[in-house]
Amino acid sequence: MQESDFHYLVPATQNLNPTQYFMDLNNSTSIPFDVNMLSNPFYQLQELNGLQSMYSTSDDADEQLTLINERKRRRMISNRESARRSRMRKQKHLDELWSLVVWLRNENHQLMEKVNSFSETHDRVVRENTQLKEEVSGLREMVTSTNYPTLSEIGNESSNHSVSSSSDFI
């Protein structure tokens, strides 16, 4: 292997010559290592982003900003579209509710007309029933005031008469 096959990251502030890029096992001060990096994946991402920006060139930074701006723009478009769909769903639901209100009002109006019709019919039937009861009462008074025998009296007389006539035969 040659020296050009190995690539190590070094802080941009240090001016090291290429011979210092290789790890020196005797000198452990090359790149600091943080134990938190292993346990926390978010820390790893932050550290990597920090290292990447620290070691990147301005072209890389411009590309990253462009990428970040593009992601923000796509997210904003996506959010707008989602909000538009939400408004459309809300409007459709509101239209359905108004349609239901109109239908229920019509149904209520028809039922009220039927109730009023039944009420008028009921009142007419009650008046007619009252008149018929008065007629019956008047007819009963006429029958009792004239000395006509009632049906029950006629029935009793006929049964007494039939008994007496049958005793005549004995």
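Counting starts from 1 at the beginning of each chain's written sequence and moves along it residue by residue. Residue-level local features of this predicted model are given only where pLDDT is at least 70; pairs of side-chain atoms are given and counted only at 80 or more, and the full residue set underlies all totals for whole chains, interfaces and linings. Only hydrogens and water are set aside when side-chain values are computed; all heavy atoms of the structure are taken into account.

A. The overall build of the chain, seen in detail. In DSSP terms, a helix is any run of H or I states spanning at least four residues, a strand is any run of E spanning at least two, and both are numbered starting from the N terminus. Helices and strands together make up the secondary structure of the chain, namely four helices and zero strands. Reading the helices (α) and strands (β) of the chain from amino to carboxyl end gives α-α-α-α. When a residue's accessible area, from a 1.4 Å probe over protein chains only, is under 20% of the maximum for its type it is buried; when over 50% it is exposed; and in between it is partly exposed. Within the chain, the fraction of its 170 residues that count as buried is 1%.

B. Broad picture of the pattern of salt bridges. The rule for a salt bridge is simple: a side-chain nitrogen of Lys or Arg has to be within 4 Å of a carboxyl oxygen of Asp or Glu. Applying the stated rule across the entire model yields three salt bridges. The closest approach of N and O atoms between Arg73 and Glu70, which form a salt bridge, is 2.7 Å. Here the residue Arg73 and the residue Glu70 both occupy positions in helix 3 (residues 58-145), the gap between them amounting to three residues, near one helical turn. For Arg73, a relative accessible area of 39% gives the class partly exposed. Looking at Glu70, the relative accessible area reads 28%, which means it is partly exposed. Note that Glu81 is salt-bridged to Arg84, the shortest N-O span being 2.4 Å. In this pair, Glu81 and Arg84 both sit in helix 3, three residues apart, roughly one turn of the helix. Note on Glu81: relative accessible area 31%, which makes it partly exposed. One network of salt bridges, in which partners are shared, links Glu81, Arg84 and Arg85.

C. A nonpolar patch on the surface, seen in detail. Every patch collects residues that have over 30% relative accessible area and no salt bridge, joining them within 9 Å if they carry like charges and within 5 Å if they are nonpolar side chains (Val, Leu, Ile, Met, Phe, Trp, Tyr). Values of accessible area rely on a 1.4 Å probe in the Shrake-Rupley scheme; residue burial ignores everything except the protein chains shown. On the surface, a cluster of nonpolar side chains totalling about 630 Å² of accessible area is made up of Leu94, Leu97, Trp98, Leu100, Trp103 and Leu104. Looking at the element boundaries, Leu100 is found in helix 3.

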